[in-house]
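Chain by chain, the residues:
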Amino acid sequence: MHKPRIFALGVIAAFAVVAVVGILLRPLIPIDETRYVDVAWEMWLSGDYFVPHKNFEIYTDKPPLLFWLINLVWAVTGGVSGFGARIVGPLFALATLAGTWALGRRLWDGRTGALAAIILAGSSVFAIYGGTTMFDTMLAVATLAGLLVLHSALSQPGVARRQWVLFGLCLALGVLAKGPVILFHLGPALIGWKLWTDPESRPTGREFAKGLGRALLVCLAVVALWVVPAAIMGGAEYREMILWKQTSGRVVNSFAHARPWFWLLALMPVVLFPWVWSPSLWAGMRRLSLSDRALRLCLVWGLGGLALFSLISGKQVHYLVPEFPAFALIFARALLGAPEQKGGLMNVPAAVLAVLLGVLAVVAGFGLTGDAVIEAQLRPIWAPLVFLVLMLGLAAAAYLLPRIAGLAVLGLGTVLGLNLLIGMSGLSAAYDSAPIAARLVPHAEAGLAVVANRYNAEFGFEGRMTTHVDELTAEEAEGWLAAHPGGMLAAPCKRVETARPPAEVIHFYGDDWCLWEGGAAQ
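Quick look at the structure, then. Since this is a predicted model, take the numbers as computed values, not measurements.

## So, the packing of helix α10 (residues 182-191) against helix α16 (residues 293-311)
Where α10 contacts α16, the two axes come as close as 8 Å, and the packing angle between them is 135°. Relative to α16, α10 is oriented oblique. Along this stretch, α10 crosses α16, giving a crossing that reads as right-handed. Contacts from Phe184, His185, Pro188 and Ala189 of α10 reach α16 at Leu297, Val300, Trp301, Gly304, Gly305, Leu308 and Phe309. The class makeup of the residues in the contact of α10 with α16 is 8 nonpolar, 3 polar and no charged.

Next up, the structure:
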């Protein structure tokens, strides 16, 4: 990689293209993307920017920053649009790449920063989550900004006061993005600050405590600008949820995404694809030295975050997105120190996995797995066949191109291929909430209802709904239909037993959904 800066800019541009292609080819993915964009829509509709709402009820799960930013995009672009809402996450993903580059330059040199940005952009799982409408890339930006100013505060005493104030602002950004979980991402670097700072330039313990206290006060003051009016306007239950239960519930006894402690660790070979499948990386890892304080910071940050999220009750892969830059920086140092080799055999393991993914898609498309639902979603059969051909092409590119270029093309190309597979096959329709939303909206005045484990406003934004959707049990369905002539009930067909035939059946999110019109049974 003779011109790392130019190559890095090219890879970042390719990342942006893949993200935009994903927005154009994929529907809003339930239940997360549909829910978050609906919350932003209801904020736009109501003009209430302090207390978010979902299905026209107070929404307590997340702070408002993402919804504010989506509304800002809509205001700037002149109106509500799906594309405008969905571009916010990818923009923060691009900022994450820039922040990774900047931190690598600060800790080591420009070559390391550029290579780390390439590695992060070419990591398939980061590219997937970086293209979605979620909170984690915002949290990654807050984490990177926090580490940049923390490094300055602990290595340049003359500017420490200003840096601690900036650190407080980074904490506030993280809290407004996703809550106090920002401390899980920045906490390890704070707790282990003596492990990665230079004894000759770092502050005393008292100075550190004083600076951290100043940062926490700044954070609390900024967050209070939202929390105080929101807590007053939202009421007692809202106060309890945003100030305590949403964080403690996931840490201690998860009400969502409970997993065994080793779950994230077991997934790391997939999470860090394709880079961890390169023998060159591991050859370079053996040459790294713990005497490198910058390396220690990345290890404390990355492994500390992995350990903390492994120990809490609720865990998801995307919770680790703010740690991905740490692994990218470590891998960059390892690959820069690895023996000079071209791609070829060094990239074969990752290339083989990509081909196997293509083969799996074809096998499933032909129904050889025995899953009829997946077979139907992967039709027409030429869609997985095209995907397999693309995977074969990417594998060849990984073998023929230089080592780093080959892996970057493979990682980013795999995500492009998955987006194309979704767009070409029935997968797009199977996860698209728009058809059901379009059938529900004309009946809104007479009443709408769903029967589901939990309605997450999957149909709210796509239908631009302006009324509440009733959430029913299966036993309440028949009575509701009788009491709402002209209304409409939507539910997975297997959940509701009724003598009346459905007006329509639409496959959505792994189930056949039946739509019943209200009124007297025929």
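## Here's the deal with the environment of Gly463
Relative to the helices and strands, Gly463 is located in the loop between β3 (448-451) and β4 (470-472). The exposure class assigned to Gly463 is buried, which follows from its relative accessible area of 12%.

## Some details on the packing of aromatic side chains
Overall, the coordinates contain 19 aromatic pairs when judged by the stated rule. Plain terms: the ring middles of Tyr36 and Phe135 are 4.6 Å apart, the flat faces sit at 75° to each other, and that makes the pair edge-to-face. With a gap of 99 residues between them, Tyr36 in helix α2 (residues 32-46) and Phe135 in the loop between α7 (124-130) and α8 (136-155) connect regions that are remote in the sequence. Both residues of the pair, Tyr36 and Phe135, count as buried. Ring centres of Trp164 and Phe208 lie 5.7 Å apart, and the angle between their planes is 80°; on these two criteria the pair is classed as edge-to-face. One end of the pair, Trp164, is in helix α9 (residues 160-178); the other, Phe208, is in helix α12 (residues 205-234), with 44 residues separating them in the sequence. No difference in accessibility class separates Trp164 from Phe208, as the two residues are buried. Put simply, the rings of Tyr431, Tyr455, Phe459, Phe508, Tyr509 and Trp513 touch in pairs and so form one group of aromatic residues.

## Description of the sheet that holds β3
One open sheet accounts for 5 strands, arranged β4-β3-β5-β7-β6; its pairing is mixed. Each edge of the open sheet is held by one strand with a lone partner, namely β4 and β6 (504-508). Here the average twist between neighbouring strands, direction ignored, is 25°. Across 3 bridges, the pairing between β3 and strand β5 (residues 488-492) is parallel. Residue Val450 lies in a different strand from β5, and its bridge partner there is Ala490.

## Looking at helix α20 (residues 382-400)
With 19 residues, α20 should reach 27 Å at 1.5 Å per residue; the first-to-last C-alpha distance of 27 Å fits that figure. By the burial criterion, the buried members of α20 are Ala383, Pro384, Phe387, Leu388, Met391, Leu394, Ala395 and Ala398. The buried residues of α20 all sit within an arc of 140° when viewed along its axis, so they share a single face. Relative to its buried face, α20 has exposed residues pointing more than 90 degrees away, namely Val389 and Leu400. As for α20, its buried residues are in contact with α18 (348-365) and α21 (403-424).

## Some thoughts on the nonpolar core
Grouped together as the largest cluster of nonpolar side chains are 135 residues, with contacts concentrated most on Phe67, Trp164, Phe167 and Phe331. Top contributing element to this core by residue count: α8, with 12 residues. Within the second largest apolar cluster, 16 residues are counted, among which are Ala437, Val469, Phe508 and Leu515.

## What to know about the pattern of salt bridges
Across all of its chains, the model carries 9 salt bridges by this definition. A salt bridge links Arg35 to Asp32; the shortest N-O distance between them is 2.5 Å. With Arg35 and Asp32 both in helix α2, this residue pair falls 3 residues apart, about one helical turn. Take Arg35: its relative accessible area is 8%, and that puts it in the buried class. Here Asp32 falls in the partly exposed class, since its relative accessible area comes to 24%. Notably, a salt bridge pairs Glu504 with Arg439, separated by 2.4 Å at the nearest N-O pair. Placement of the pair is Glu504 in strand β6 and Arg439 in helix α23 (residues 434-440), with a sequence separation of 65 residues. Note on Glu504: relative accessible area 30%, which makes it partly exposed.

Definitions and cut-offs
Residues numbered from 1 in each chain as written. Predicted model: local features only at pLDDT ≥ 70, side-chain atom pairs only at ≥ 80, totals over all residues. Heavy atoms only, no water. Axes fitted to C-alpha atoms, helices over the stretch in contact; angles between N-to-C directions. Helix = DSSP H or I, 4+ residues; strand = E, 2+ residues; numbered from the N terminus. Parallel < 35°, antiparallel > 145°, perpendicular 65-115°, else oblique. Left-handed = near helix turned anticlockwise from the far one by under 90°. Contact = heavy atoms within 4.5 Å. Nonpolar A, V, L, I, M, F, W, Y, C, P; charged D, E, K, R; others polar. Buried < 20%, exposed > 50% of the residue type's maximum accessible area, 1.4 Å probe, protein only. Phe/Tyr/Trp six-rings, centres within 6.5 Å; stacked < 30°, edge-to-face > 60°. Pairing = 2+ DSSP bridges. Expected span 1.5 Å × (residues − 1). Arc of directions from axis to C-beta. Core = buried A, V, L, I, M, F, W, Y, C linked by side-chain atoms within 4.5 Å. Salt bridge = Lys/Arg side-chain N within 4 Å of Asp/Glu carboxyl O.

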